[in-house]
Amino acid sequence: MAVDQTQFQLTQLAVILGSDTTHFETLISHLMSSSNEQRSQAESLFHLAKQAHPDVLSLALSRVLSTSTHPELRAFSSILLRKILAPSGDSFLFPNLAEQTQVTIKSSLLTTLQSESSKPNIKKLCDTISELASAILPSGGWPELLPFMFQCLTSDLPNLQEPALQVFSRLAQSIGENTEILIPYLGTLHSVFLKCLGNSSSSDVRMAALSASIGFVQCLSSSSDRDKFQDLLPLMMQTLTEALNSGQEATAQEALELLIELAGTEPRFLRRQIVDVVGSMLQIAEAASLEEGTRNLAIEFVITLAEARERAPGLMRKLPQFISKLFSLLMDMLLDVDDDPAWYSAESEGEDAGETSNYGVGQECLDRLSISVGGNTILPVASEFFQAFLAAPEWQKRYAALIALAQIAEGCSKVLIKNLEQVTSMVLNSFQDPHPRVRWAAINAIGQLSTDLGPELQMQYHHRVLPALAGAMDDIQNPRVQAHAASAVLNFSESCTPENLTPYLDGIVSKFLVLLQNGKQMVQEGALTALASVADSSQDQFQKYYDAVMPYLKAILVNANDKSNRMLRAKSMECISLVGMAVGKDKFRDDAKQVMELLMSLQGSQMESDDPTASYMQQAWARLCKCLGQDFLPYMSVVMPPLLQSAQLKPDVTITSLDSDADLEDDDDDDESIETITLGDKRIGIKTSVLEEKATACNMLCCYVDELRERFFPWIDQVAPILVPLLKFYFHEEVRRAAVSAMPALLRSAKLALEKGQSQGHNESYVKQLSDYIIPALVEALRKEPEVEICASMLESLNECIQISGQLLDESQVRCIVDQIKHVLVDSSCRKQERAERAKAEDFDAEEGELLKEENQLEEEIFDQVGDLLGTLIKTFKSSFLPFFDELSSYLTLMLGKDKTAEERRIAIFIFDDVAEHCQEAALKYYNTFLPFLLEACNDENSNVRQAALYGVGLCAEFGGAVFKPLVQDALSRLDAVIRHPCALHSDNVMAYDNAVSALGKICQFHQDSIDAAQVVPAWLSCLPIKGDLIEAKIVHDQLCLMVERSDQGVLGPNHQHLPKIVAIFAEVLCAGKDLATEQTASRMVNLLKHLQQSLPPTTLASTWSSLQPQQQLALQSILSS
């Protein structure tokens, strides 16, 4: 049957592709049909024609394109021709066409470009030509194209100049890495752009020239090539001003959008004329006669320029006069707010009655500006405005000052923290403002400052802020103020310690209980959320309020049933679960059962898609699991099915063409849950609510596997295949983070289940299979991960997985891990190099230096994780890992260079320390390479590097035998320098000091024949006990104990003269409890002291005892008599 169908279609095609072109035009019109059936049949025929007769189909399309009398058919033929000829994924049809067909099509496209009269059709034709050209020009496949374009451009005919410029503009966007084919034509392009930008007769030609010249500036990789177009900038700006002067604001807005793109991608191109360009933009932004959209685009240009940090660091900070003018404009935009009665009667906090779109743009731009130029630049300007605005009689000005402060807080946080007293007082004074909207804005500012300036604000001003917020909750005439005060308590308490929060709990909790009985749902919701946060922050201090609070919360959960109360019910779940976690299982247990029964009945009910209950319930279940631990298991069968469903949600993505008018009118543009990004000529819309639900579900799965450990085993087979692929879910970072965290937790669950006999009959091969599934996926995801922070998390997760899997890893997996570590190190080095290049930019300044420092700190986290990961591999595989270590040693010696950061050097040293410790004799061959670095680093100015090096020297002394022997004297002098340093015991240096003492002890123990024991051993004993590095302390004190047990003459000294000191050390160690020695070592010390008590002559014993402090004598007597 299928064969007959295909045969029938081939017969139809013979007619459609025949000499009578009307049949083919009918096919094209059917492809555009609104009838699904007709369109579907036409698509099937078209697809078959593409497969069976590509040459005939391509020629037929180009014929319709050039000869049809129907503009819509010509337009659609152009689109179809572009789709079948341009490269798409792995397929590219054009090279497979007959040579004559290729020649005919290329010729037809250029001829049609000259004859087509419809502007929309010309645009589509330019798209087809440029996409095909970008694919075949680099290999010399269209030699006629560029001469033809230049001919059009020099013709003085606007109808030829404009399409030629459009082709060049699109070619610049699509040619990618092949820009070198255009380099020979730069001079010609420059002259034609210059000519067309100055074209006085056609604004369309000027706009096309603007687009083409900006496209070319963006696609040129060499700054010297870009500089050749520098003199076009005044003409580019002139195109904008001419459009504005002639009242063509739509054209002006198009020009502004092109210039914004240039500011974002090539800000350096603007540098020489930056003052004129930014000045012009701010003039446009100030011009009251222009449309709001035009003025906002001019502001967007300046903000974009400020944000282009990576390409032109510090550029806008060099123009303080403009920052002040821009800030003034943005403050004026915040005044565009009405005292709308609807604001007071609003049902939810999110309702923004009275706020205009202009106000919204002003808010967003203040936030972006402060983040991009920083507090040192913004705050001096802002302070002047705030002072004047807060003293103004108009409520809008006072309101604007407080809103602006909240908006700039994140970008100015470091500077604001230095001025906390002034900032806090300024905001708290406005809590008494006569206008409710100003009071609301003051509360809003405190809420934002609590987030951006925490925990410093909380630590220093809890005594002023919390009473002020409690007072604001009494504003019964203004429910919005009450609700916002509750929300601000939430923000404040999130970074507040239980100690700072506890004194205010009586007052705040009683206020919340009053608000919970308020008739306004918004107020109740605010109180619930704040109560949840306060409980979470105060933890067990909340126990005393539990009995008063829980009945209210349960009543809301039971009674808030109708549609209007859905959010209230959802927030009550959140609050109950957080209160339960705060007070703990024992206090919560009785109510927990009742709450979970309610949640189970809700879970089984039908919910509408926009009901928040489901999302809040998922999170509440996870918190209840954390609170109840293993007691939660009976509910897992109810919880898991919807959670797995949410975790498997597919991203809701729509891809549309930028130039499709229909797309522009799409309702989705107004949908707040749709996030839109532009890639090339495509607009991609992503439904964020779906992504957020997926991310929440993945985080909850993580929580269950973490909490239930081996008891989660029954769900591993369902969860692992969902989460492992999400390691590469690039639509949402939070989903990837959750997947990354879950990997070691899943492996641990399987391994513990096996060890505790709860693996349902599975053996170790199950853990091996799971490990083989997870670890390669994690390595592969690491290779492709774009975010540095998530890379660090992936390395940490991989490290944990290896610790769990251990010897289950095979050699090929270790090989992949090591190869990926090399990639990580190289990528990190490249990023640091790029930052070093940015530091050389002429606008680079101290503020930019601070930001670079923060970025490099993230990089240090990568190195940290690499060090830990390699340490685990070395500990796990010991000397069998050394062939891989050989490959990595060149990377490590680079990390030891003096030009590298202290953190890189520390990590490289610790990696060698791991090799020395765990590979012992097999590691001796590396001593010649690494020991010189270690010895030099013993006296490094950075104490962490010193500690790593001194620890390594101790290991080499212990395991190095004859290889270390020649270096003993050098090592001693370096240890001596550390130990005798006047600041050796300062808190920053004590860890290095303790490791130096430990290394000295190992030289005393393992190389006594190479030292002057009479001098070195007393020097070592005089440093004991060590008390800073508690891990090393236990090792060193155990070593001393061992040497005394063996009657080591070097340690005891001639005639046991060191005994008083040794007894004193033992006494101090034993008096310190468990800190300085293990139980086993302490017990051995006690036995040694008892033995000495019995075996030493009374006179020796008496003199030894008398050398102790009185409290040590008492403590020892007590220990020895027990």
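Throughout, residues of each chain are indexed from 1 in the direction in which the sequence is written. Given that the model is predicted, a residue must reach a pLDDT of at least 70 before its local features are reported, and side-chain atom pairs must reach 80 or more before they are shown or counted; all residues, however, enter totals for whole chains, interfaces and linings. Side-chain figures throughout are based on the complete set of non-hydrogen atoms in the structure, without hydrogens or water.

Caption draft 1: Representation of the overall build of the protein within the structure. Per the secondary structure count, the protein includes 56 helices and three strands. Taking the principal axes of the C-alpha coordinates as reference, the protein spans close to 125 × 75 × 70 Å. Any two residues whose heavy atoms approach within 4.5 Å are treated as being in contact. Contacts in the protein between residues at least 24 apart in sequence constitute 73% of all its contacts with a sequence separation of at least 6. With an accessible surface of roughly 48500 Å², the protein has 50% of that area assigned to carbon and sulfur atoms. Asp and Glu are treated as the negative residues and Lys and Arg as the positive ones, with His and the ends of the chain left uncounted. By convention, charge coordinates are those of NZ in Lys, CZ in Arg, CG in Asp, or CD in Glu. Once the 90 positive and 149 negative side-chain charges of the protein are each reduced to a mean point, those two points are 4 Å apart. Labels follow the DSSP assignment, with helices taken as runs of H or I lasting at least four residues and strands as runs of E lasting at least two, numbered in each case from the N terminus. In these tables, accessible area is a Shrake-Rupley quantity obtained with a 1.4 Å probe, and a residue counts as shielded only by the protein chains included in the view.

Caption draft 2: How the structure looks around helix H6 (residues 99-115). If you check H6, its first and last C-alpha atoms are 25 Å apart, about what 17 residues at 1.5 Å a residue would give, namely 24 Å. All of the buried residues in H6 are Thr101, Gln102, Ile105, Lys106, Ser108, Leu109, Leu110, Thr112 and Leu113. If you follow the buried residues of H6, they end up packed against helix H4 (54-67), helix H5 (71-85), helix H7 (119-136), helix H8 (145-153) and helix H9 (158-174). What a helix should span is 1.5 Å times the count of its residues minus one. Exposure categories follow from relative accessible area, calculated using a 1.4 Å probe and restricted to protein chains: below 20% of the type maximum is buried, above 50% is exposed, and the middle band is partly exposed.

Caption draft 3: Up close: the packing of helix H21 (residues 395-408) against helix H24 (residues 436-452). Think of each axis as a best-fit line through the C-alpha atoms, taken over the contacting stretch in the case of a helix, with angles from 0 to 180 degrees between the N-to-C directions. Between H21 and H24, the least distance of the axes is 8 Å, while the angle of their chain directions is 10°. In terms of orientation, H21 lies roughly parallel with respect to H24. The segment H21 lies against H24, with Trp395, Arg398, Tyr399, Leu402, Ile403, Leu405 and Ala406 engaging Arg437, Val438, Trp440, Ala441, Ala442, Asn444, Ala445, Gln448, Leu449 and Asp452. Across the contact of H21 with H24, the residue classes break down as twelve nonpolar, two polar and three charged. Orientation categories follow fixed angle ranges, with anything under 35 degrees roughly parallel, anything over 145 roughly antiparallel, 65 to 115 roughly perpendicular, and all other angles oblique. Amino acid classes used here: Ala, Val, Leu, Ile, Met, Phe, Trp, Tyr, Cys and Pro are nonpolar; Asp, Glu, Lys and Arg are charged; the rest, including Gly, are polar.

Caption draft 4: Structural context of the packing of aromatic side chains. Here a pair means two rings of Phe, Tyr or Trp (six-membered ring of Trp) with centres within 6.5 Å. Their orientation is stacked below 30 degrees between planes, edge-to-face above 60, and tilted elsewhere. Inspection of the entire model under this criterion finds 26 aromatic pairs. Measuring from centroid to centroid gives 5.6 Å for Phe542 and Tyr545, while their planes differ by 50°, and the two rings are tilted. Among the aromatic residues, those joined into a ring-pair cluster are Phe150, Phe168, Tyr185, Phe193, Phe216 and Phe229. Only when the NZ of Lys or the CZ of Arg is both within 6 Å of the ring centre and within 35 degrees of the ring normal is a charge said to sit over the ring. Here the basic side chain of Lys397 rests over the ring of Phe389, its NZ or CZ set 5.3 Å away from the ring centre. Across from the ring centre of Phe729, 5.1 Å away, lies the NZ or CZ of Lys694, which sits over that ring.

Caption draft 5: Local environment of the state of the cysteines. Here, the term disulfide refers to a pair of cysteine sulfur atoms separated by no more than 2.5 Å. Tallying each qualifying case throughout the model produces zero disulfides. Summary of cysteine pairing: Cys575 is not part of a disulfide, and the nearest cysteine sulfur, belonging to Cys627, is at 14 Å. Summary of cysteine pairing: Cys702 is not part of a disulfide, and the nearest cysteine sulfur, belonging to Cys698, is at 8.1 Å.

Caption draft 6: Up close: the packing of helix H33 (residues 613-628) against helix H36 (residues 688-708). The interhelical angle for the contact between H33 and H36, taken along N-to-C directions, is 15°, at an axis separation of 10 Å. It follows that H33 is roughly parallel to H36 by the angle criterion. Seen along the crossing, H33 lies across H36 with a hand that is left-handed. Side by side, H33 and H36 meet where Gln618, Gln619, Trp621, Ala622, Cys625 and Lys626 of the first sit next to Thr696, Ala697, Met700, Cys703, Tyr704, Glu707 and Leu708 of the second. Crossings are sorted by hand: turned counterclockwise from the far helix by less than a right angle, the near helix makes the crossing left-handed, and turned clockwise it makes it right-handed.

Caption draft 7: A look at the pattern of salt bridges. Salt-bridge detection follows one rule: a side-chain nitrogen of Lys or Arg within 4 Å of a carboxyl oxygen of Asp or Glu. Scanning all chains against the criterion turns up 59 salt bridges. Arg439 is paired through a salt bridge with Asp475; the nearest N and O atoms lie 2.9 Å apart. Residue Arg439 is located in helix H24, and its partner Asp475 is located in the loop between helix H25 (456-472) and helix H26 (479-494); the two are separated by 36 residues in the primary sequence. The same class applies to Arg439 and to Asp475, which are both buried.

Caption draft 8: Spotlight on the nonpolar core. Counting 398 residues, the largest nonpolar core has Phe632, Tyr704, Phe712, Phe881 and Trp1020 as the members making the most contacts within it. Those residues in contact with Tyr704 that sit more than four places away from it in its chain are Gln618, Trp621, Ala622, Cys625, Phe632, Met636, Val639, Leu643, Arg709 and Phe712. Take the buried Ala, Val, Leu, Ile, Met, Phe, Trp, Tyr and Cys residues and link them wherever side-chain atoms come within 4.5 Å; each set so joined is a nonpolar core.

Caption draft 9: Inspection of the environment of Ala243 at higher detail. Considering the arrangement of structural elements, one finds Ala243 in helix H13 (residues 233-245). With 210 residues separating them in the primary sequence, Ala243 and Leu453 have C-alpha atoms 45 Å apart. Sequence-distant contacts of Ala243, that is, excluding residues within four places in its chain, are made with Gln248, Thr251 and Ala252.

Caption draft 10: Local environment of a nonpolar patch on the surface. Think of a patch as exposed residues, more than 30% relative accessible area, with no salt bridge, where like charges cluster within 9 Å and nonpolar side chains (Val, Leu, Ile, Met, Phe, Trp, Tyr) cluster within 5 Å. On the surface, Val653, Ile655 and Phe731 cluster together to form a nonpolar patch covering roughly 260 Å² of accessible area. Along the chain, Ile655 falls in strand S1 (residues 653-657).

Caption draft 11: Broad picture of unusual backbone geometry. The linkage connecting Gly454 with the following residue, Pro455, adopts the cis geometry, with an omega of 0°. Residues Leu1024 and Pro1025 are joined by a peptide bond in cis, for which omega reads 0°. Within the element layout of this structure, Pro1025 appears in the loop between helix H50 (1013-1022) and helix H51 (1030-1045). Here Lys878, not a glycine, exhibits a phi torsion of approximately 50°, which is positive. Counting through the fold element by element, Lys878 comes out in the loop between helix H42 (846-877) and helix H43 (882-895). On the basis of relative accessible area, Lys878 is assigned to the partly exposed category, the value being 41%.

Caption draft 12: Focus on the confidence of the model for the protein. As a per-residue quantity, pLDDT reports the predictor's confidence and falls between 0 and 100. For the protein, per-residue confidence averages 88 on the pLDDT scale, and 96% of positions sit at 70 or higher. The low-confidence segment residues 660-670 (pLDDT under 50) makes seven contacts with residues lying over four places distant or belonging to another chain.

Caption draft 13: Geometry of the side chain of Arg569. If you trace the backbone, Arg569 turns up in helix H31 (residues 566-583). Excluding anything up to four places from it in sequence, Arg569 contacts Leu557, Ala560, Asn561, Leu602, Asp611 and Thr613.

Caption draft 14: Summary view of the environment of Pro721. Structurally, the position occupied by Pro721 is in helix H37 (residues 716-723). A relative accessible area of 43% means that Pro721 is categorised as partly exposed. Residues Pro721 and Ile774, 53 residues apart in the sequence, show an inter-C-alpha distance of 9.5 Å. The residues touching Pro721, leaving out its near neighbours within four places in the chain, are Ile716 and Tyr773.

Caption draft 15: Spatial organisation of a negative patch on the surface. Together, Glu787, Glu789, Glu796, Glu861 and Asp868 line one region of the surface with negative charge. Residue assignment for the negative patch shows that the elements contributing at least two residues are helix H40 (788-805) and H42. Classification of Glu796 by relative accessible area gives partly exposed; the value is 38%.

Caption draft 16: View of the environment of Ala916. Mapped onto the elements, Ala916 comes out in helix H44 (residues 902-919). Classification of Ala916 by relative accessible area gives buried; the value is 0%. Sequence separation between Ala916 and Tyr927 is eleven residues, and the spatial gap between their C-alpha atoms is 8.6 Å.

Caption draft 17: View of helix H49 (residues 990-1006). The end-to-end C-alpha distance of H49, which contains 17 residues, comes to 24 Å, matching closely the 24 Å that a straight helix rising 1.5 Å per residue would cover. With 14 of 17 residues buried, H49 is to be regarded as a mostly interior element.

Caption draft 18: Up close: the side chain of Asp994. Along the chain, Asp994 falls in helix H49. The buried charged residue Asp994 lacks any salt bridge partner; its closest oppositely charged side chain belongs to Lys1027, at an N-O distance of 9.7 Å. For this analysis, a polar contact is any N or O atom pair within 3.5 Å, provided that within protein one partner can donate a hydrogen and the other can accept it, and provided that sequence-adjacent residues contribute only side-chain to side-chain pairs. At 2.7 Å, the side chain of Asp994 and the backbone nitrogen of Asp1029 are in polar contact. Contact partners of Asp994, with chain neighbours within four places excluded, come to Ile1026, Lys1027, Gly1028, Asp1029 and Glu1032.

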